[in-house]
Amino acid sequence: MFEKVLEEIKKYSTVIIHRHSTPDGDALGSQIGLKHIIKDNFPEKNVYIVGDDAKRYSFMDGSTMDEIEDSVYEGALAFVLDSGSSHLISDDRYKLAQSTVRIDHHIYCEKINDIEVVDTSYESCCGLITELALECGLALSPASAKALYTGMVTDSGRFRYDSTTSNTFRLASALLQQEFDLNSVYSQLYADDFFFIKLRAQFILKIRFTEQNVAYIYTTKEELPTYGTDTFTISRGMVGTMSDIRGVNTWVNFTETEDKVLVEIRSNKYNINPIAVKYGGGGHAKASGAAVADRETAMALLEDLNALSQGE
């Protein structure tokens with residue numbers, strides 16, 4: 001699966017690694033992990049990671065992005081990781097590179113790069129990067145294994161989501177053969193300041209339900225600044241407050257900004273991806289997102305989710 005990818009890595013002295021904007025643990029883990037794999041196995045190469053700030057995942061070792069000039073892309077290889085659509089990629093200068101490669105596990109929407117490895121059977125992009133290393137006989141190090149394991153844990157929901165397979169555990173086992181502090185991974189990921197515990201409590205009180213028991217939260221642009229945190233934390237971070245309600249199979253978090261409404265959709269039963277795509281978004285079968293123009297459109301999306309639950 002990765003023969004052409006390895007050939008490209010060997011060909012170029014400079015490699016620049018991109019991923020989607022507002023990164024989660026998987027985007028950063030695959031980006032950092034691939035950087036370490038290339039540097040560990042080809043120490044003579046120049047390897048850079050670029051994109052917007054890691055924010056909530058800035059605790060991850062090596063998460064500080066490199067600042068590089070456009071000229072670095074001349075004659076270089078650029079990777080795009082964990083990005084199902086081109087408009088989601090952080091830093092579009094990957095187009096300046098001589099050759100481009102995408103590795104991704106989202107549902108395929110469009111061709112973005114010269115070489116593409118897209119496989120939705122993997123729970124995470126980190127799983128695919130681990131597979132690349134194993135298939136190509138590339139050495140893993142504690143640093144690469146820790147980054148990849150962190151991303152694998154976050155995108156599998158601590159191995160709870162049904163995207164988790166026996167292959168997931170095979171790859172996790174390979175990573176755990178490297179020595180790194182497993183406790184530090186979980187404590188940094190899931191230990192919270194009291195501020196965020198209180199924040200989740202506020203959002204739990206905001207949960208509402210449709211006729212078919214689709215749970216949803218709607219945060220207006222006027223409310224947004226009163227919470228004292230960033231938009232990403234409200235949008236992506238609070239969708240999980242609805243995940244374990246008995247009888248709820250689909251849930252959605254709407255977050256109004258000045259120019260759009262961010263939508264995070266999750267389900268433990270239905271394929272909600274077509275609805276996300278209908279509204280200009282994408283992602284996975286049971287975890288997708290979109291950005292819509294206004295509240296009216298957001299409520300139309302909610303009604304589509306309600307109808308999906310009704311039609312079982």
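For the structure itself, look to the data block above.
Quick summary incoming for the structure in this document. (Residues numbered from 1 in each chain as written. Predicted model: local features only at pLDDT ≥ 70, side-chain atom pairs only at ≥ 80, totals over all residues. Heavy atoms only, no water.)

### A word on the nonpolar core
Side chains of a nonpolar character, in soluble globular proteins, are inclined to be buried together.
Phase 1 of the analysis: In this structure, Val5, Phe79 and Ile103 are the most contacted members of the largest nonpolar core, which totals 49 residues.
Phase 2 of the analysis: With sequence-adjacent residues up to four places away left out, Val5 is seen in contact with Phe79, Val101, Ile103, Ile115, Val117 and Leu132.
Phase 3 of the analysis: Formed by 19 residues, the second largest nonpolar core is a distinct cluster that contains Tyr218, Ile275, Ala290 and Val292. (Core = buried A, V, L, I, M, F, W, Y, C linked by side-chain atoms within 4.5 Å. Buried < 20%, exposed > 50% of the residue type's maximum accessible area, 1.4 Å probe, protein only. Contact = heavy atoms within 4.5 Å.)

### Some thoughts on the environment of Tyr108
Phase 1 of the analysis: Relative to the helices and strands, Tyr108 is located in the loop between β4 (99–104) and β5 (115–118).
Phase 2 of the analysis: When neighbours within four sequence positions are excluded, Tyr108 is seen to be in contact with Arg102, Glu116 and Val118.
Phase 3 of the analysis: Side-chain polar atoms of Tyr108 contact the backbone nitrogen of Lys111, separated by 2.9 Å. (Helix = DSSP H or I, 4+ residues; strand = E, 2+ residues; numbered from the N terminus. Polar contact = N/O pair within 3.5 Å; in protein donor to acceptor, adjacent residues only side chain to side chain.)

### Here's the deal with the pattern of salt bridges
Between side chains of opposite charge, a pair can form as their charged atoms come close.
Phase 1 of the analysis: Following the criterion strictly, the structure yields 18 salt bridges and no others.
Phase 2 of the analysis: Here Asp70 makes a salt bridge to Arg93, at a shortest N to O gap of 2.9 Å. You can see Asp70 sitting in the loop between β2 (46–49) and β3 (77–81) and its partner Arg93 sitting in the loop between β3 and β4, a full 23 residues away along the chain.
Phase 3 of the analysis: What makes Asp70 partly exposed here is its relative accessible area of 45%.
Phase 4 of the analysis: On the accessibility criterion, Arg93 (18% relative accessible area) is buried.
Phase 5 of the analysis: Note that Glu264 is salt-bridged to Arg266, the shortest N-O span being 3.0 Å.
Phase 6 of the analysis: According to the relative accessible area criterion, Glu264 is buried, its value standing at 11%.
Phase 7 of the analysis: The exposure class of Arg266 is buried, given its relative accessible area of 16%. (Salt bridge = Lys/Arg side-chain N within 4 Å of Asp/Glu carboxyl O.)

### As for the sheet that holds β2
Phase 1 of the analysis: One open sheet accounts for five strands, arranged β2-β1-β3-β4-β5; its pairing is parallel. Every interior strand has two partners, whereas the edge strands, β2 and β5, have only one. Adjacent strand axes in the sheet meet at a mean angle of 15 degrees when their direction is disregarded.
Phase 2 of the analysis: Summarising the sheet, strand β1 (residues 14–19) and β2 pair through four bridges and their orientation is parallel. The residue of β2 that forms the bridge with Thr14 is Asn46.
Phase 3 of the analysis: Seen against the sheet, helix α2 (residues 25–41) touches β1, β2 and β3 and runs at an angle of roughly 170 degrees to β1. (Pairing = 2+ DSSP bridges. Axes fitted to C-alpha atoms, helices over the stretch in contact; angles between N-to-C directions.)

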